[in-house]
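A structural walkthrough
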Amino acid sequence: MTNWLQALPLRWHITGAGVFVLAVSGLFGGLDPVAAARSDVPRISLGDTVEAGPWRVKVTGITLISEAPPIRVTNKGDHLLAVLATVEVTADSTRSDLYDIVRLRGVGGLRTDEPKFVWMRRDGAYAQHLQPGLPEDIAFFWEQAPTATNAAALEVEVFGKTYRENTLTYSNRRANKDWLDRRVHATLLVPVKDNRGVQP
Amino acid sequence: MRPTAPPPGLPPVRRHRPTPAQQLADIGRRAGVGGLVVAALAVGGVADRVVPTPEERQRPYVRTGAVGEPVSGRQMVATVVSVRGAGTIVVRGRELTTGGIWILVRVKVAATIEPVGVAHAAVRDGQGRTYQPSGRLDQPLSGGRFLQPGIPVQGELVFEVPTAVASSLVIELSTRPLDQRMDSMAEVRLPITPAQVDEWLAAKSVAVTAAEVVR
């Protein structure tokens, strides 16, 4: 057996080794499809529901307001852009990562990338947690410079996460699994209502 | 190049190629090694399935009890005193509604050795979903408050859960905030009936009571 193996050309050895490596890699997921490219992110309509990992999100509007006490803007004269959405936790435990749920894309004059405040509309107060199976109307607030002008409709990204094994640290979840790999699950164009002076 | 003569005392070399018997022995030896590797992998695979996972090995030491029974842990003794519910609660004069039901669990806790807090409190429903105390109010008993050894404190833990799961809840209490592994955890089933849930939802709002030192 050794003799015929030795008699094979070197090119065949290299090809065989490559096929072997690919086969082993395939066994451990190396040939699985890669994550969807950005262009593959679904484009949805206002009012559509997105199943985005630990939560289910339905964006219902964007409102532009001056200031909504007790929310105070950091820079005098700024106004507030609020993305309004209904969010239900579909994960099996209380979530506190509410600032990860939505982003505004391509909007000028925002003071921060992530929302400055997350507000539970039922209470008119800051939202710290969302409980599983209890949908809530949420307002995600961004501070915006007064000089910024907004288009009639703004692009909103809805983010989600993947439930998978945490390979780095203990996550205190079942089977050491956790919601990780935050990524955009859907985008949509949302009309802006100018309600400056009116609390959302 | 001419072949050299064998060293003195050794038989002359007549054949370099292995005989068919030697080839068979070689194949057998390689097959044996391959078989051992496969066997080792198989044993490893079985062991991986049979041996408890780290999560199972390191799970909390659960101590169970019923309402009214003290449940002793390593650093804390906890007693669920009573449970009630409401569709609306009043906290400092402010009414808080919910899309589900408020569950208020009155608990008596005492540190046993050193100052500790009720760092982990949650209710778990029949489907295994867990609910932390609501962040919509200042919780009277949890949230960074410390218990001094030998001084029992009684107060309410306030949870918000979907109505459909309210009669399948178990409360978990521990002194460990983030990682409850390898330490004691008290678990008490909350005796809530569907009829009580309906009754609580139909009733007026209830006020959350402050925590107090008890004997």
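To be clear, the structure that these remarks concern was listed above.
Residues numbered from 1 in each chain as written. Chains lettered and ligands numbered in written order. Predicted model: local features only at pLDDT ≥ 70, side-chain atom pairs only at ≥ 80, totals over all residues. Heavy atoms only, no water.

Remarks on the pairing of strand 10 (residues 177-194) of chain A
All names here are of chain A. Here two bridges tie strand 1 (residues 43-44) to strand 10, and the two strands are oriented parallel to one another. Directly across from Ile44, in strand 10, lies its bridge partner Leu188. Across three bridges, strand 3 (residues 55-65) lies against strand 10 in parallel orientation. Each residue of the ladder has a partner; that of Ile62, found in strand 10, is Val192. Bridge count for strand 9 (residues 153-165) against strand 10 is 12 bridges, and the pairing is antiparallel. Directly across from Tyr163, in strand 10, lies its bridge partner Trp179. (Pairing = 2+ DSSP bridges. Helix = DSSP H or I, 4+ residues; strand = E, 2+ residues; numbered from the N terminus.)

Quick word on the interface of chain A and chain B
In this complex, chain A contributes 22 residues to the contact, which on the side of chain B involves 25 residues. Between chain A and chain B, roughly 1,900 Å² of surface is buried when both sides are summed, and carbon and sulfur atoms account for 47% of that area. Applying the counting rule to chain A against chain B returns one salt bridge. The partner of Asp123 of chain A in a salt bridge is Arg136 of chain B, with the nearest N and O atoms 2.5 Å apart. (Contact = heavy atoms within 4.5 Å. Buried area = accessible area lost by both parts, 1.4 Å probe. Salt bridge = Lys/Arg side-chain N within 4 Å of Asp/Glu carboxyl O.)

A short note on the environment of Thr86 of chain A
All names here are of chain A. Locating Thr86 in the fold gives a position in strand 4 (residues 79-89). When the C-alpha atoms of Thr86 and Ala139 are compared, they prove to be 8.7 Å apart, with 53 residues separating the residues in sequence. Those residues in contact with Thr86, other than ones at most four positions away along the chain, are Arg56, Val57, Lys58, Thr60, Pro135, Glu136 and Asp137. One polar contact links Thr86 to Asp137, side chain to side chain, over a distance of 2.8 Å. (Polar contact = N/O pair within 3.5 Å; in protein donor to acceptor, adjacent residues only side chain to side chain.)

Regarding the side chain of Asp123 of chain A
Assignment of secondary structure puts Asp123 of chain A in the loop between strand 6 (117-120) and strand 7 (125-126). Accessibility expressed as a relative area gives 14% for Asp123 of chain A, which makes it buried. Excluding its chain neighbours within four sequence positions, the residues that come into contact with Asp123 of chain A are Arg94, Leu96 and Arg136 of chain B. (Buried < 20%, exposed > 50% of the residue type's maximum accessible area, 1.4 Å probe, protein only.)

By themselves, these observations are geometric and do not establish any function.
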